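Remarks on the overall topology
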Amino acid sequence: MKNLILTFYSIFARKKNRNYFTDLFYILLFLFLVLGSYGLNYKVTSNIIAQADMETAVYFFSVFIDIFIFFLIIMAFLSTMIHVFPVFYDDSEILFLYSLPVNKKIIFFNRFIKLFVYGAALFITFTIGAVFSFYVKFSAPVSIIFEGILASIFAAICYVSIAISITIYIVSFFKGKRGRNMLISISAVLMSGFIILIRLARPEVLINSGDASITDYIENLKMGFLSFFPSSWIKDIFLSSVDNTVNSFYPWLYLVLFSSFFLILSWKIWQKFYKIEENEGDFADIKNIQFNINENNDEVKILRDKELFLIKRNWINFQQIWLFIGVIVIFIFNLFFLSKLEGFTNSFLFLNSGVVMLITASFIARLFFGAFYGKHSEIVFLKSLPIKLSSVVLARIRLFLPLMIVLSLLLNLVNILFFKSNVHIVVIFIMNSIIMPIFFLTMAGYFSSIKMKDSFSVFTIPVQLFVFLSGFTGFFMLVYQGKETWRLQKNIINLFEFYSGNIAIYALLLIVSFLFYKWNVKKLQKCL
Amino acid sequence: MIKVDKVSFSVNDKELLHNISVEIPSSEITVLIGENGSGKSSFLKLISGVWETKIGDIHYSDVDFKENMNKVKEQTGFLFENPFFYESLCGEEFIKLVCNLRKNKFNKDKFNNFVELFQIEKFVDIPVFELPKGVKQKFGIISVLMHNPKYILLDEPMNGLDPVSVKILKEILINEKKQGKTIILSTHILEIAEKIGDRVIIIDKGEIIFAGNILELKKEQNNDVLEDIFINLTGGEKYKELLSLI
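The notes below deal with the structure included here. (Residues numbered from 1 in each chain as written. Chains lettered and ligands numbered in written order. Predicted model: local features only at pLDDT ≥ 70, side-chain atom pairs only at ≥ 80, totals over all residues. Heavy atoms only, no water.)

Quick look at the sheet that holds strand β9 (residues 207-213) of chain B
All names here are of chain B.
- The strand order β5-β6-β7-β3-β8-β9 describes an open sheet built from six strands, whose pairing is mixed. Strands at the two margins of the open sheet, each flanked by one partner only, are β5 (76-79) and β9. Between one strand axis and the next, the sheet turns by 15° as a mean value, whatever way the strands run.
- Direction of pairing for strand β6 (residues 151-155) relative to strand β7 (residues 182-186): parallel, over a ladder of five bridges. The residue bridging L153 from the neighbouring strand is I184, located in β7. (Pairing = 2+ DSSP bridges. Helix = DSSP H or I, 4+ residues; strand = E, 2+ residues; numbered from the N terminus. Axes fitted to C-alpha atoms, helices over the stretch in contact; angles between N-to-C directions.)

As for the packing of helix α16 (residues 376-383) of chain A against helix α17 (residues 389-419) of chain A
Residues and elements named next belong to chain A.
- Contact geometry for α16 and α17: axes closest at 10 Å, N-to-C directions at 130°. As the angle between them shows, α16 and α17 are arranged oblique. Of α17, the residues touching α16 (which contributes E378, I379, L382 and K383) are L389, V392 and R396.
- Considered class by class, the residues forming the contact of α16 with α17 number four nonpolar, no polar and three charged. (Parallel < 35°, antiparallel > 145°, perpendicular 65-115°, else oblique. Contact = heavy atoms within 4.5 Å. Nonpolar A, V, L, I, M, F, W, Y, C, P; charged D, E, K, R; others polar.)

Notes on the environment of I157(A)
Residue and element names in this part refer to chain A.
- In this structure, I157 sits in helix α6 (residues 143-174).
- On a C-alpha basis, the gap between I157 and G119 in space is 9.8 Å, while along the polypeptide they are 38 residues apart.
- For I157, the contacting residues outside a window of four places in its chain are F112, F116, S259 and L263.

Structural notes on helix α8 (residues 214-221) of chain B
Residues and elements named next belong to chain B.
- Those residues of α8 not exposed but buried are I214, L217 and K218. Buried residues of α8, seen end-on, are gathered within an arc of 95° and therefore sit on one face of the element. Exposed positions of α8 whose direction lies more than 90 degrees from the buried face are L215, E216, K219 and E220.
- Its buried side turned inward, α8 meets α7 (190-196), β8 (199-204), β9 and α9 (226-233).
- Between the side-chain oxygen of the N-cap and the backbone nitrogen of L215 there are 2.8 Å, and the N-cap of α8 in question is N213.
- Downstream of α8 by a residue or two, N222 has a phi angle that is positive, lying close to 55°. (Buried < 20%, exposed > 50% of the residue type's maximum accessible area, 1.4 Å probe, protein only. Arc of directions from axis to C-beta. Polar contact = N/O pair within 3.5 Å; in protein donor to acceptor, adjacent residues only side chain to side chain.)

Describing the interface of chain B and chain A
- Counting residues at the interface gives 31 residues for chain B, matched by 27 residues for chain A.
- Between chain B and chain A, roughly 2,900 Å² of surface is buried when both sides are summed, and carbon and sulfur atoms account for 67% of that area.
- Linking chain B to chain A there are one salt bridge.
- A salt bridge links K103(B) to E299(A); its shortest N-O distance comes to 3.0 Å.
- Connecting chain B to chain A are five residue pairs in polar contact (both at pLDDT 80 or more).
- Those elements that place two or more of their residues in the side of chain B that touches chain A are β1 (2-11), α2 (69-74) and α3 (91-101) of chain B. (Buried area = accessible area lost by both parts, 1.4 Å probe. Salt bridge = Lys/Arg side-chain N within 4 Å of Asp/Glu carboxyl O.)

Thoughts on helix α3 (residues 54-90) of chain A
Residue and element names in this part refer to chain A.
- Taking 1.5 Å as the rise per residue, α3 with 37 residues should run 54 Å; its terminal C-alpha atoms sit 52 Å apart, in good agreement.
- Bending of α3 peaks at approximately 35° at the position of H83, with proline P86 no more than four residues after it.
- With 27 of 37 residues buried, α3 lies mostly within the body of the structure. (Expected span 1.5 Å × (residues − 1). Bend = angle between axes of the 7 residues up to and from the residue.)

Re the nonpolar core
- Core analysis: the largest hydrophobic core is formed by 157 residues, its most contacted members being L382(A), F466(A), F43(B), F139(B) and I142(B).
- Residue contributions to this core peak at 16 residues, all from helix α15 (residues 345-372) of chain A.
- Residue-level mapping places this core at the junction of two domains, with at least three residues from each of domain 1 (7-75 + 151-246) and domain 2 (85-148) of chain B. (Core = buried A, V, L, I, M, F, W, Y, C linked by side-chain atoms within 4.5 Å. Domains from an automatic or database assignment.)

Regarding a positive patch on the surface
- On the surface, K518(A), K522(A), K523(A), K526(A) and K54(B) cluster together into a positively charged patch.
- Note on placement: K523(A) falls in helix α20 (residues 495-526). (Patch = residues over 30% accessible without salt bridge, like charges linked within 9 Å, V, L, I, M, F, W, Y side chains within 5 Å. Areas by Shrake-Rupley, 256 points an atom, 1.4 Å probe, with all protein chains shown as cover. Lys, Arg positive; Asp, Glu negative; His and termini not counted. Charge placed at Lys NZ, Arg CZ, Asp CG, Glu CD.)

Considerations on unusual backbone geometry
- Phi at N491(A) is positive, roughly 60°, even though this residue is not glycine.
- Relative to the assigned elements, N491(A) resides in the loop between α19 (461-489) and α20.
- With phi around 45°, N19(B) is a residue other than glycine that occupies positive phi space.
- N19(B) gets classed as partly exposed once you look at its relative accessible area, which sits at 44%.

Set out below in structure tokens:
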């Protein structure tokens, strides 16, 4: 009982500013992700069922779900590895637990559950979506929902335990934060690799209904080695509920045995290699980057240089860059494959421009929020100095904006060249490359200041709000511009109508950006 | 002189300071004392311009506080109770940055002099996140004094300092006072108030219950021990009740 009390206190009682809005947001996020996963799986199963009899459909679905859960488990495993270090080493709570007369097993259990919540929540959420679509499409018994959730918990125990074992061993080997940095780099590179793999697997074939090659596609995708992974055992448990030839005893046995084995292994490795005082190693890296600020500069430039310097000294910021490689490869893949497809050139051009926006927005979501989130004490400190708080906001915008605009312009120009666009598309893409980064940055600046006492995490409300709003705005703008371009090409509208509509959108975006900037400064001024 | 006139301040409907009025003379050391959460830090944050209030007025003798708050901040050095640092900067780099943001040239000799005084030479080029609490506090104090401020506001400056450094800080403050600086510091160590303080402000539950010369206070209360006076003024009966719990 004591371990349960400790664990739940440490997860729920340490949250600041808990309110109903936060709870509601997370419930909505959970539902959104479950429905997203359900929609994807439902669409795919619908396509498969439309083309095959029940037996074949179950077979095809099993291949798809096998790959789907395999990718989920790999992504979840890699992101869990990133979380191991903060939970097991950086958290001051662990020092506190060591000061109490608490059994080491309870401390390990406490850390394990905390990591499990961080590392498995998304995996289980997506699996629930998949289970629901399976339940609806194949009229499986209701018990499959509970079995699916339970099976994904067991599978998650496996990968969380492996992540703990690997991290603790590597940290003990490389001594402290250097090991942590290496781990984050490895997992970020691998994560990018998997994003690329998913794109190379051409998932659009699955959603493209009526595609006759879907049967061949599924056959080619089938990967025999997957049967050795927990993802496959979850799939077997699904299938056992509709297919009498599949026995659920063995997958359950494997899941229970393997999760117990890995759990015990991680406990043993923790006992043998874990040292609480692992916090050395960053000092040499820091000293390599010299502090060099021109004292004759104005305060905005000094603040900008300071931000740049701090970002350069924090190695974690550069590890984030690995995450963009995957998206950039998707952009390049689209250039080569989609630009050659006849009939949809305009749509694919705007789709790939959407990828450019995605790169810009995700760069901001990872780097901007990472650098300027949860800086309450910094703002209070800056308020004691004779500087304007608008300079703080301007410095951040000036630091990121040129980079964002150059990146967007460059990628959009490449896009234009590959898709052989007309002059009007060139004009609006250049405008998009300038105005969207301004909109994204000012919005991120404002959102980063609305919950300043919390620490940064991708799944916090401000970052999620930014992700949703930037996604929606980008999507609607590109759909509008795509449609208007098509209407212009078909002579349905004239040049005046085309440009006046776009100018109105740009004006609106600039006004909203200005408001975000003003609100951001106001938020900082109100920071107590 | 700093004049605080009928100032109140609330956060989320909780009143931290209520109808505060006090005059703080120049070239003196004023010591703020009060229980935890009594409003000492809030008072310092308000007069330094970190927090702003709509109720009441704050006047600086030579600068219009409301119209030109940055001018006040240029002449002020404020040490927070938990000093802020950019953790990946070294102590010297942080102080250089603060000087630049204050539009002051970083005076290396002055910095070295402080470093020598506080005996932290070996910590100068170590990132702040690696430093012990007391050393961080010393760098915080140096960052406040480097630009030769006219007003020195220190929120519990002795936190984490070793006895030698406490003694040195006291000497530094006395020296600054001799140069005409106005010093306001909050502390729980009443001996500091007695040793270096010219005036004392006692804050209790967001209200000033005494502000004046320490000697006058002792005379008025007919007691030579500041600790006893403080306990009597902030609720002697409550203290007796607490003692009975031991």
